[in-house]
Amino acid sequence: MPNRHVNPHPPRFRLLALASAILAVLASVVAGLLGAAPANAASQGAGFGTWAPVSAYGWHGSMLVNGVHTYCITPGAPAPTGASVDQGVSGSAAGLNPSQLTAINMLVSTYGQTDDAVQAAAVGWAVKAIADWDETLHAFGYRGDSLAGAIDWTFSRLAPDHNVAVQQRAVAYYGEATRLAAGAASASGTVAFTWDDADPLAGTVQVDATIAATGSLRLTNAVFEDTGQVFRGDAAAGTRYAIRMSPPAAGRPYEVAASGRFSAGFTAAVRHFVTAGGQDTAGPAGKLEFEVAGGQQRVPPFSPAITTQVGSRYAPGGPFVDDVSFATTAGEWPRGEDGSYLPVSARATVYRTETEPVPTSSPPPEEAVAGELALVTDPATGPEGPYTVRSEWTMAGPGFYTAVWTIRGEDQSEVVRRHLGDDFVWTEQFGERSQVTMVPSIATQAQPAAVVGEPISDTIRVSAPIPADGLRVAGAVYRAAEGVPPEASCVTENLVWESAWIDVATPGDHVVTAPAIELAGTYYWQERAVDRTGETVHVGVCGIPNETTTVSAPDVPGAPGQADEPPLAATGVSETWVRAASGSAIALLTAGAALVALPRRRFGAAVNIR
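Just so you know, these numbers come straight off a predicted model, no measurement behind them.

Concerning helix 2 (residues 98–110)
End to end, helix 2 covers 18 Å across 13 residues, agreeing with the expected 18 Å (1.5 Å per residue, within 8%). What helix 2 keeps buried is the set Gln100, Leu101, Thr102, Ala103, Ile104, Asn105, Met106, Leu107 and Val108. On its buried face, helix 2 is in contact with strand 4 (68–72), helix 3 (117–131), helix 6 (163–178), strand 12 (254–266), strand 13 (270–275) and strand 14 (281–283).

Rendered as structure tokens:
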């Protein structure tokens, strides 16, 4: 471009210089009277021109204040060669609107902190054009309406070798800056979590912000599910990220937390410097950044359950015995600070019924309650082993005794309730076979006396309860052996005869009759009952009076005849042994007759009794 001759000191600039001098004098007077705020002299930064309040072509570049490159935002005023006062970050500097402040902040922060003269000059022109387009273009006599033209008008004389480069960069910077949306003056954000009810270790994290922002997040006691890492640098506000908890210790409460730093772009503000009698300048305010942090306490959910196995399917009475095992159906068994299992309380109601319970049926009414059971787990054992529970009461009468265990949140300690919830209730299904103990009612009455050569019999009376699949009963006869206590006599070597099994489906009497006994003496009956699987239900007591038959020789004077048969009695009822002792004495007096071998029957076959 050809050189143009211009008056280096046009009238306008002489007036500006005079005004500046007057303002400088007034400023010094005011400062002396009122006391000046702390200030630092601005110095020449990077750029082109003359570092003076007023000059023919001005100063085009940065002005250094405390090491910060600042740029003119009041074009047309003298260069800020005097003391500059830092006003801090301002969202209203020089009366500029948010769009202007955002654009200028971006340029000064991104490109303006440089020692490159061309770049600094280009930033200076772009910043001034954003702040005041008309003043920037026409301050040095340019009459057109083009930023590149205004730069050429001045730089073709000031720095012709850098003219084009400054033009190109300034136009590019101006375009980039003015395309930005106005930034916000402030921003904030919060961390929000969600939890998966079906999976206690699954959830999400999201940053909710007052403005669109991106940044980084770091998790505590969790990882991002897509990466398996605790940190991500590409987080965006408003986006939900799946996370997976990683508890620091099993069964103990812990906090899941997230923290990070987010940026919402360049803020609508600049660092504002004021120089008495000179230009206002703008330093970088940077991007609008904010911290986020948040966490939530997680209490591992806990859903316990119980399985039971009664000590015996069939029992003669006594305490109710139950082996109780705990299991965790969801979550983790809660633990104390020392890692021990927190105690869990459970209770059971035991019902007594005459008929065998059916699984899935409802518990009977309250009047069927036989007693209660209670259990508190051991901190050292927790759910790892079964607990044997014995009732303090006894199963006093025949029937089916069924335990139903329950775990209730309201029965637990406060710390366990945090895991369970106050409303938690788990109840065992009534009627499972493993819950039920049956106390049978089987009574017997043996024929008390007989004569050698006669058959003998025993009556087995089966009363309720009876298993749903029925019972099988049988009787056996044992001969008393000298020197052996009656209760120890019912053994194989003393067996004389035993009956076939009798199927029993309903209560009733069942008579078993042994073949003719051909040797005088004392004989003990013993009844036995089994269920359909062969499991023993009941075994009679050997040697009791009502299960004793005395067999006498017919030719001994005074031998007992067929005495009146006493009423049927339950096994175990006391009775005198007089009749049995008499029969034994008579048998000894007739020992000569026993020297002759006599046939006997067992299971219907002829045998000799010696």
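A few points about the side chain of Thr308
Along the polypeptide, Thr308 turns up in strand 16 (residues 302–310). Within the structure, the side chain of Thr308 is placed 2.6 Å from the side chain of Glu428, a separation counted as a polar contact.

Notes on the packing of helix 5 (residues 147–158) against helix 6
Axis angle and axis distance: for two packed helices, these are the angle between their axes and the distance between the axes, and together they describe the pair. Running from amino to carboxyl end, helix 5 crosses helix 6 at an angle of 150°, the nearest separation of the two axes being 9 Å. The angle between helix 5 and helix 6 falls in the class roughly antiparallel. Considering how the two elements wind past one another, helix 5 and helix 6 form a crossing that is right-handed. Packed against helix 5, whose contacting residues are Leu147, Ala148, Ile151, Asp152, Phe155 and Ser156, the element helix 6 presents Asn163, Val166, Gln167, Ala170, Val171 and Tyr174 at the interface. Looking at the contact of helix 5 with helix 6 residue by residue, the classes come out as eight nonpolar, three polar and one charged.

Quick word on unusual backbone geometry
Of the consecutive residues Ala464 and Pro465, the connecting peptide bond is found in the cis state with omega at 10°. Here Pro465 is to be found in the loop between strand 26 (454–463) and strand 27 (471–479). Phi is positive for Asn66, which is not a glycine, with a value near 55°. Looking at where Asn66 falls in the secondary structure, it is placed in the loop between strand 3 (59–65) and strand 4. One non-glycine residue, Asn221, lies in positive phi territory at about 65°.

Brief notes about the sheet that holds strand 20 (residues 387–394)
Spatial strand order, 16-17-20: three strands in an open sheet with antiparallel pairing. Each edge of the open sheet carries a strand with a single partner, namely strand 16 and strand 20. Across the sheet, the mean angle from the axis of one strand to that of its neighbour is 35°, orientation sign disregarded. Across nine bridges, strand 16 lies against strand 17 (residues 319–331) in antiparallel orientation. The residue bridging Gln309 from the neighbouring strand is Asp323, located in strand 17.

Quick word on the state of the cysteines
In this structure the tally under the stated criterion is one disulfide. The disulfide that involves Cys490 links it to Cys542, with 1.9 Å between the sulfurs. As the torsion about the S-S bond is roughly 80°, the Cys490-Cys542 disulfide counts as right-handed. Remark: Cys542 occurs in the loop between strand 32 (536–539) and strand 33 (548–552) and Cys490 occurs in the loop between strand 27 and strand 28 (495–498); sequence separation between them is 52 residues. Its relative accessible area of 15% is what places Cys490 among the buried residues. Its relative accessible area of 6% is what places Cys542 among the buried residues.

Digging into the packing of helix 2 against helix 6
Contact geometry for helix 2 and helix 6: axes closest at 8 Å, N-to-C directions at 130°. Judged by the angle between their axes, helix 2 and helix 6 are oblique. Where helix 2 crosses over helix 6, the handedness of that crossing is right-handed. Only Tyr173, Glu176, Ala177 and Thr178 of helix 6 make contact with helix 2, whose side of the interface consists of Ala103, Met106 and Leu107. Class assignment for the residues of the contact of helix 2 with helix 6 results in five nonpolar, one polar and one charged.

Scoring rules and cut-offs
Residues numbered from 1 in each chain as written. Predicted model: local features only at pLDDT ≥ 70, side-chain atom pairs only at ≥ 80, totals over all residues. Heavy atoms only, no water. Helix = DSSP H or I, 4+ residues; strand = E, 2+ residues; numbered from the N terminus. Expected span 1.5 Å × (residues − 1). Buried < 20%, exposed > 50% of the residue type's maximum accessible area, 1.4 Å probe, protein only. Contact = heavy atoms within 4.5 Å. Polar contact = N/O pair within 3.5 Å; in protein donor to acceptor, adjacent residues only side chain to side chain. Axes fitted to C-alpha atoms, helices over the stretch in contact; angles between N-to-C directions. Parallel < 35°, antiparallel > 145°, perpendicular 65-115°, else oblique. Left-handed = near helix turned anticlockwise from the far one by under 90°. Nonpolar A, V, L, I, M, F, W, Y, C, P; charged D, E, K, R; others polar. Pairing = 2+ DSSP bridges. Disulfide = S-S within 2.5 Å.

Any link to function would need more than the numbers given here.
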